Amino acid sequence: MSKNTQIIDKAIEKEYEYGFTTDIEQETIAPGLNKDVIRLISSKKDEPQWLLDWRLKAYDQWLKMDEPDWSKLNFSQIDFQSISYYAAPKPKKKLSSLDEVDPELLDTYKKLGIPLEEQKMLANVAVDAVFDSVSVTTTFKEELQKHGVIFCSFSEAVKNHPNIIKKYLGSVVPTTDNYFAALNSAVFSDGSFVYIPKNVRCPMELSTYFRINAANTGQFERTLIVAEEQSHVSYLEGCTAPMRDENQLHAAVVELVAHKDAEIKYSTVQNWYPGNPKTGKGGIYNFVTKRGTCVGDNSKISWTQVETGSALTWKYPSCILKGDNSVGEFYSVALSNNFQQADTGTKMIHIGKNTKSTIISKGISAGKGQNTYRGGVKIMKAAENARNYSQCDSILIGEECGAHTFPYIDVRNPSAQMEHEASTSRIGEDQLFYCNQRGISTEDAVSMIVNGFCKEVFNELPMEFAVEAQKLMEVSLEGSVG
Amino acid sequence: MLEIKNLHAGIDGKEILKGLDLTIKAGELHAIMGRNGSGKSTLANIITGRENYEVTSGTVKFNGNNILDMSPENRALEGIFMSFQYPVVIPGVNNTYFLRAALNSKLKHNELKEVNAADFMRLIREKLKLVEMDEKYLSRAVNDGFSGGEKKKNEILQMLTLEPQLSILDETDSGLDIDALRIIAQGVNNFRNSERSFLAITHYQRLLDHMKPDFIHVLIDGKIVKSGGMSLAQELEEKGYSWLEA
Ligand SMILES: Nc1ncnc2c1ncn2[C@@H]1O[C@H](COP(=O)(O)OP(=O)(O)O)[C@@H](O)[C@H]1O
Ligand SMILES: [Mg+2]
């Protein structure tokens, strides 16, 4: 046994930092899924009839669909009838300002490092906090309103901006898109909505913090971002959940629409509870459909994700490049430590002329973790002079983990220029000893090497979060060298 | 400073060092010569604490303390440095960042104030001159895309920056052209003082001509079979090793 093993043993003891639960009165509906449950969710949210009809139709479609089995993820069947589809902190009364938010909740977010009191907030970041199924509060609303930016919970948007919702809901990810998107469409509870008017550069970072708290509930949020002509927005989401022995389902849908000359930058720092590091018990099942359409010419959609949590991750943020000269980007760091499994990647669909896409994927596998990159690049017939650059790198820490790469390429226009690079490396004993010999501890050496490996992706994150991502990576990697 | 007594050690159950004795005092430079496979790198790895090498008997003391139970990083922090025979590439990790992390780790260990990026740049630029290295190597990843000679210079740069008490130079001269050899030897010579000790492992007399060791030892089959001064190196150059074999 080496001293490295001891360091690792010690680090394994370290618990998931965000694993606490909040003791708060909650309103939960009984587990199970049927049309009455959907009607109940819809009525709790006071929804218009058209939205209920839309949900019910999605449910009918879901019933006819099969769970996808093409991923490399290995897990036992999800029992959809054992999940509760709605949980909300019981409101004492209708909230009109932050002062009225339950202090327990404010405290929860504080513990997560996200103070919601505006004077204590990160300057220049507006936050929407989603607790279990509902949005708790959105900060900096007035400041944003001055610029005509709408940033609110999805439920509020349904009430206050029904025409925009009606126009765009399901326009990028149709209800029939896939099994989990259909389920989300039927039962989604809340989420965030962003609207940036023409010619507006959103004056601050927008961000949503998702927190699963209640036991036995699923979280099904929906996010919709619409950027009108020549507008610009940068949006970030973060996610955490308590430690629980049973697996919890998270099935979200995110739709982005970028009009002519608009740009949307969407960043994710996903740190759902990954399950018990020793037994693999518990953890979030993260099945997410994220897609953006570059509708207008010269528009740009950029996805950046740092995926360190969840027991399972199934997620392929994608871009449909319709407008001429539109640009799609995907920057990803996915870590699977201990028993975690990640199957993630992107799809870039080139339709317009001179469209360009970039894919940078960094997979890190440690412990018994399994990490799969799955990416598709499709160049349609009309996409004259399309270009794609893909780079998929994997790094392995230890002997029991695995990395897999599945790039799918479909080119229907001969003018396309495609470049693909891939590499797999292992953090070797020789590298660690070299660092040790210079007085650098094994843990510091691993995080130094991994951070170097991820640098290209971290550089894409908004500054406020790049440091956070780096720290998160260090915590998630603790105990990974044996 | 370094005191090795009756050291028996090996790897994978195979005994490589078979009763080695060696004492290096402060201010001395010792050279170890020997054929390929005679156990020179093994000795260096054991002094620095590399995993998987087993010591079956004997002692290794550094400044009076038994170091065999110490972790490699603690041995490094206590002042033992090795210039690797085959320096390791660490992709993605910036050379300057790496070297500053190493220095700060040492400063922290000695309860001294860590250096900030600006002060470190000033310091490292001075050291670069000593090994005639271009600044561009600072912005590259550690040893990534370095030629053999550049890697060796980078090792010496690290030595000059970390200022160890004991420096083990494992075939630092192999693969160097005459200019690089001269630069490296000069770097080492200027670094010598009455408190620092050196163990230079080499095949060639030419390094020793530059460094003028105090003692030369011949390692054959895991044992030091002969020790002497500069004249021994000359003898080896002329006669080879076979006359020393039993
Ligand atoms: N990791 C290892 N596993 C097994 N045998 C090794 C290992 N490293 C070195 N050896 C063996 O130990 C002996 C001494 O090697 P080494 O110390 O590298 O010699 P030198 O540096 O003098 O050329 C050689 O026979 C070599 O093959
Ligand atoms: Mg050797």
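One can find the structure itself at the top, above this paragraph.
The rules behind these values
- Position numbers for residues count from 1 along each chain, tracking the sequence in the order it is written.
- Ligands are numbered from 1 and chains lettered from A, in the order in which they are written.
- Given that this is a predicted model, residues contribute local features only at a pLDDT of at least 70 and side-chain atom pairs are listed and counted only at 80 or more, while totals for whole chains, interfaces and linings are drawn from all residues.
- Hydrogen atoms and water are omitted, and side-chain values are computed over all heavy atoms in the structure.
- For two strands to count as paired, DSSP must find a minimum of two bridges between them.
- Where helices and strands are cited, they refer to DSSP runs of H or I of at least four residues and of E of at least two residues respectively, numbered from the N terminus.
- Nonpolar core, defined: a set of buried Ala, Val, Leu, Ile, Met, Phe, Trp, Tyr and Cys residues in which side-chain atoms within 4.5 Å join the residues together.
- Categorising residues by exposure relies on relative accessible area from a 1.4 Å probe, with only protein chains included: less than 20% of the type maximum marks a residue as buried, more than 50% marks it as exposed, and the intermediate range marks it as partly exposed.
- In this description, contact between two residues means that some pair of their heavy atoms is separated by no more than 4.5 Å.
- Lines fitted to C-alpha atoms define the axes, with helix axes restricted to the stretch in contact, and inter-axis angles between N-to-C directions lie between 0 and 180 degrees.
- Whenever a pair of cysteine sulfur atoms sits within 2.5 Å, that pair is classed as a disulfide.
- By convention in these notes, a salt bridge is any Lys or Arg side-chain nitrogen within 4 Å of a carboxyl oxygen on Asp or Glu.
- As used in this structure description, the phrase polar contact means that two N or O atoms lie within 3.5 Å; if the pair is within protein, one of them must be able to donate a hydrogen and the other to accept it, and residues adjacent in sequence are counted only when both atoms belong to side chains.
- Note on residue classes: Ala, Val, Leu, Ile, Met, Phe, Trp, Tyr, Cys and Pro are nonpolar, Asp, Glu, Lys and Arg are charged, and everything else, Gly too, is polar.
- One heavy atom suffices: a residue is near a molecule or strand as soon as one of its heavy atoms comes within 4 Å of it.
- Each accessible area value is a Shrake-Rupley result obtained with a 1.4 Å probe; residue values ignore everything except the protein chains displayed when judging cover.

Undergrad: Can you lay out the sheet that holds strand S2 (residues 14-24) of chain B for me, pointing to particular residues and giving the numbers?
TA: The four strands lie next to each other as S2-S1-S4-S5 (chain B), forming an open sheet whose pairing is antiparallel. Since the sheet does not close on itself, it has two edges, and those belong to S2 and strand S5 (65-66) of chain B, each with one partner.

Undergrad: Mind laying out the nonpolar core, listing which residues take part and the relevant values?
TA: In summary, soluble globular proteins display a tendency toward joint burial of nonpolar side chains. Ranked by size, the top nonpolar core spans 90 residues in total, and within it Ile364(A), Met473(A) and Leu43(B) carry the most contacts. With nine residues, the single largest contributor to this core is helix H10 (residues 442-458) of chain A. With residues up to four places along the chain from it excluded, the contact list for Met473(A) reads Val306(A), Thr308(A), Val333(A), Leu335(A), Ile364(A), Val450(A), Asn451(A), Cys454(A) and Phe458(A). Counting 35 residues, the second-largest nonpolar core is a separate cluster that includes Cys319(A), Phe330(A), Tyr373(A) and Ala383(A).

Undergrad: Can you break down the sheet that holds strand S9 (residues 166-170) of chain B residue by residue, with the values?
TA: Residue and element names in this part refer to chain B. Overall, mixed pairing links the six strands, which are arranged S6-S9-S10-S3-S11-S12 in an open sheet. One side of each edge strand has no neighbouring strand; the edge strands of this open sheet are strand S6 (80-83) and strand S12 (223-228). Adjacent strand axes in the sheet meet at a mean angle of 20° when their direction is disregarded. In this sheet, strand S10 (residues 197-202) lies alongside S9 in parallel orientation, the contact comprising five bridges. Counted as the bridge partner of Leu166 is Ser197 from S10. Against the sheet, helix H1 (residues 40-48) engages strand S3 (29-33), S6, S9, S10 and strand S11 (215-220), with an angle of about 150° to S9. Together, S6, S9 and S10 form the strand contacts of helix H5 (residues 148-162), whose direction differs from that of S6 by roughly 165°.

Undergrad: Give a detailed account of the state of the cysteines, specifying residues and quantitative values.
TA: Residue and element names in this part refer to chain A. Summed over all chains, the structure comprises zero disulfides over all chains. The thiol sulfur of Cys152 is not disulfide-bonded, and the nearest other cysteine sulfur, from Cys202, lies at 13 Å. A disulfide-free cysteine, Cys454 has its sulfur positioned 14 Å from the sulfur of Cys392, the nearest such atom.

Undergrad: An account of the interface of chain A and chain B is needed here, citing residue identities and associated values.
TA: Counting residues at the interface gives 21 residues for chain A and 32 residues for chain B. Our count for the chain A to chain B interface comes out at two salt bridges. One salt bridge in this structure joins Arg50(B) and Glu429(A), with 2.9 Å as the shortest N-O distance. Scanning the region where chain A abuts chain B turns up twelve residue pairs in polar contact (both at pLDDT 80 or more). Mapped onto the side of chain A that touches chain B, the elements with two or more residues apiece are helix H1 (3-13), helix H9 (429-437) and H10 of chain A. Class assignment of the residues belonging to the side of chain A that touches chain B gives a composition of seven nonpolar, nine polar and five charged.

Undergrad: Can you tell me about the site of ligand 1, naming the residues and giving the values?
TA: Residues and elements named next belong to chain B. With respect to spatial proximity, 13 residues lie near ligand 1, and among them Ile16, Gly37, Lys40, Ser41 and Thr42 are the closest. Within the contact set of ligand 1, an oxygen atom lies 3.1 Å away from a side-chain nitrogen or oxygen of Lys14. A distance of 2.9 Å separates an oxygen atom of ligand 1 from a polar backbone atom of Ser41. A total of 560 Å² of accessible area belongs to ligand 1 in isolation, and the protein chains cover 64% of it. Contributing elements (two or more residues each) for the shell around ligand 1: S2 and H1. Ranked by the residues each element gives to the shell around ligand 1, the list is headed by H1, at three residues. Grouping the amino acids of the shell around ligand 1 by side-chain chemistry returns three nonpolar, six polar and four charged.

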